[in-house]
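The lines below spell out each chain.
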Amino acid sequence: MITPCVLLVMHYSLPELAYIKEKHDNVKCRQGDIVGMLSSSPPLDVVFINGLPTLNHSLPRILQAIVRRCVPGARLIISDTQGRDQLSVHKKDNSDVITGDLPDRMELEKVLRRYPLQLISYSDEGDFYLAVLKVCEDENSKA
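S.K.: In this structure, what is going on with the overall build of the protein? I would like to understand it.
M.R.: Broken down by element type, the protein carries four helices and six strands. For the protein, the N- to C-terminal ordering of α and β elements is β-α-β-β-α-β-α-α-β-β. Taken across its 143 residues, the protein has 36% of its residues classed as buried. Contacts in the protein between residues far apart in sequence, at least 24 positions, make up 56% of those at least 6 positions apart. Approximately 9200 Å² of the protein is accessible, and the part contributed by carbon and sulfur atoms is 52%.

S.K.: Explain the packing of helix 2 (residues 59–69) against helix 4 (residues 105–112) to me, please; I cannot follow it from the model alone.
M.R.: Angle between the axes and distance between the axes are the two parameters that describe a pair of packed helices. Between helix 2 and helix 4, whose axes approach to 11 Å, the crossing angle comes to 50°. One element, helix 2, and the other, helix 4, form an angle in the oblique class. As for the relative orientation of helix 2 and helix 4, their crossing is right-handed in sense. Contacts between helix 2 and helix 4 pair L59, P60 and L63 from the former with L108, V111 and L112 from the latter. For the contact of helix 2 with helix 4, the class distribution of residues is six nonpolar, no polar and no charged.

S.K.: Help me understand the sheet that holds strand 6 (residues 128–135), please; the structure alone is not making it clear to me.
M.R.: Sheet strands line up and pair through hydrogen bonds in the backbone, either parallel or antiparallel. Strand order across the open sheet formed by four strands is 3-4-6-5, with mixed pairing between neighbours. The sheet is open, and its two edges are formed by strand 3 (44–50) and strand 5 (117–125), each paired on a single side. The mean angle between the axes of side-by-side strands here comes to 10°, regardless of whether they run parallel or antiparallel. Pairing analysis gives six bridges linking strand 4 (residues 70–80) to strand 6, with the strands arranged antiparallel. Across the sheet, R75 pairs through a bridge with K134, a residue of strand 6. The strands touched by helix 2 within the sheet are strand 3, strand 4, strand 5 and strand 6, with strand 4 carrying the most contacts at an inclination of about 145°. Here helix 4 sits on the sheet and contacts strand 5 and strand 6; the angle it forms with strand 5, its principal contact strand, is near 165°.

S.K.: Would you mind going over the pattern of salt bridges with me for this structure?
M.R.: Pairs can form between side chains of opposite charge whenever their charged atoms are close. Counted under the stated rule, the structure contains three salt bridges. Linking R84 and D101 is a salt bridge whose minimum nitrogen-to-oxygen distance equals 3.7 Å. In this pair, R84 is assigned in helix 3 (residues 83–93) and D101 in the loop between helix 3 and helix 4, connecting sequence segments 17 residues apart. D101 gets classed as partly exposed once you look at its relative accessible area, which sits at 42%. When the shortest N-O distance is used, the salt bridge between D124 and R84 registers 2.7 Å. Taken together, the residues span a long stretch of sequence, with D124 in strand 5 and R84 in helix 3 at a distance of 40 residues.

Cut-offs applied
Residues numbered from 1 in each chain as written. Predicted model: local features only at pLDDT ≥ 70, side-chain atom pairs only at ≥ 80, totals over all residues. Heavy atoms only, no water. Helix = DSSP H or I, 4+ residues; strand = E, 2+ residues; numbered from the N terminus. Buried < 20%, exposed > 50% of the residue type's maximum accessible area, 1.4 Å probe, protein only. Contact = heavy atoms within 4.5 Å. Areas by Shrake-Rupley, 256 points an atom, 1.4 Å probe, with all protein chains shown as cover. Axes fitted to C-alpha atoms, helices over the stretch in contact; angles between N-to-C directions. Parallel < 35°, antiparallel > 145°, perpendicular 65-115°, else oblique. Left-handed = near helix turned anticlockwise from the far one by under 90°. Nonpolar A, V, L, I, M, F, W, Y, C, P; charged D, E, K, R; others polar. Pairing = 2+ DSSP bridges. Salt bridge = Lys/Arg side-chain N within 4 Å of Asp/Glu carboxyl O.

In structure tokens, the structure reads:
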């Protein structure tokens, strides 16, 4: 039996959530982020984070929430379509909103050692950033 797909969107912006709900009524929308997600929410298969530097949490705290909320085999996609170059410009102009940075490969790999997460793909061009991670069953299945 195939379980129906449920799409849950979490975002801080109420206007953004209203726009999504208006266009796609079957999508569940919640204000917030994965760290504050209710424990009663169903487990997740995929998590997309676009705008990691604007989240008010450390990378380890976000990854801990991902591992807790996702099923083994789930994917985490961290992206920024403008990349590191534009991020530094936006960070100067909006230092109260953009509080973090995009992790470079070495930093990401170092943090991942603490979690059952495997780096599947990584690209850090000046104008594009993408990291794809897989949630493993446990530390021993990170192969």
